[in-house]
Each structure stands twice: as structure tokens, then as C-alpha cells.
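# Overview (structure and organization)
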Amino acid sequence: MLRAALFSSVVLVSATLAGCTMGESASPEGAWRVVALDGTSIEPADDVTLTLQDGQASGRSGCNRYNGSYTLDDGFAFGALASTRMACRGRGGEIEAQFNTIVDQVNGWRLDNGVLELLDGERAVLRAVLEP
């Protein structure tokens, strides 16, 4: 009897914690520094950032600044993003092209040990940590 009660408590706590990591109780809002784009490591010097606040997204995509909207209805989706139009060559241009492709694929999110993951299905296509 005690084992059954203990097992039920563990299952309940696990289900509650799983809900938090999938974003049901937590929020993706904050200022984030992107550390990976679809498996590509992003260094702090690459200056890829994402700020999410009250349905508005903004930041730097490797070369240009962007802003627009996002929604959390049925997952996560970016609205149309406006961007500055500086010429982007080399690594900055490559990262920006990858970032722009990824934002169109995002349909979900989760928080995993303080890391924000934007998802395409179950696959993390963007990983970010809170800015200090």
C-alpha cells in the first residue's frame, strides 16, 4: 500500500515537472543568447540574440536586427519578422541565412534545464540561454 502511494506521488511529480519543461507552466519570455542553430554552434561573438516579451520578438540574427511577433497558441509560431538590410558576408551572412530559415520552421518550444529550445516537431532547431 505504501509503495503504491509512493509510486503515485512520484508519477504525479514527474508529470508536473514534464509539463513545466514543455512550456505549459513556464514562459519563454526573456532575453536569450542563441547557442545553437540546427546543430551549428553559435559563439557569443556571432551576436545572435532573441528577446521575447508580450508577444513581441526582437534581436540580432548574425548580421541584422529583426523584430516582429510571436504566438504561443498551439505551440510556438513567429509572425512576420522585419529586419534591417545590411550586407552580410562570411560567417555572419551564413548564420543569418540559417536563422531566417529556422524561424519559418518553428512550431513548438520547451525549457530544458534553463535552455530554451525552439522546435520543429520534436527536433530542437534553436537553443538559447538567458542573457546574464
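So, here is what we can say about the structure in this document.

Thresholds applied
- Residues numbered from 1 in each chain as written.
- Predicted model: local features only at pLDDT ≥ 70, side-chain atom pairs only at ≥ 80, totals over all residues.
- Heavy atoms only, no water.
- Core = buried A, V, L, I, M, F, W, Y, C linked by side-chain atoms within 4.5 Å.
- Buried < 20%, exposed > 50% of the residue type's maximum accessible area, 1.4 Å probe, protein only.
- Helix = DSSP H or I, 4+ residues; strand = E, 2+ residues; numbered from the N terminus.
- Contact = heavy atoms within 4.5 Å.

## Focus on the nonpolar core
Core analysis: the biggest nonpolar cluster contains 24 residues, and Leu50, Phe78, Leu118 and Leu126 have the highest contact counts within it. Breaking this core down by element, the ones donating at least two residues are β1 (30-37), β3 (49-53), β5 (65-71), α2 (90-105), β7 (108-112), β8 (115-120) and β9 (123-130). Ranked by residue count, the leading element in this core is α2, at 4 residues. Setting aside residues no more than four positions away along its own chain, leucine 50 makes contact with Gly30, Ala31, Trp32, Val34, Ala57, Ser58, Tyr66, Phe78, Leu116, Leu118 and Leu126.

## Regarding unusual backbone geometry
Despite not being glycine, aspartate 47 has its phi angle at roughly 55°, a positive value. Since its relative accessible area comes to 31%, aspartate 47 is described here as partly exposed. Although it is not a glycine, aspartate 74 adopts a positive phi angle of roughly 55°. Take aspartate 74: it is sitting in the loop between β5 and β6 (77-83). Residue class for aspartate 74 comes out exposed when judged on its relative accessible area of 83%.

## Digging into the side chain of glutamate 117
Structurally, glutamate 117 can be placed in strand β8. With relative accessibility at 5%, the residue glutamate 117 sits in the buried group.

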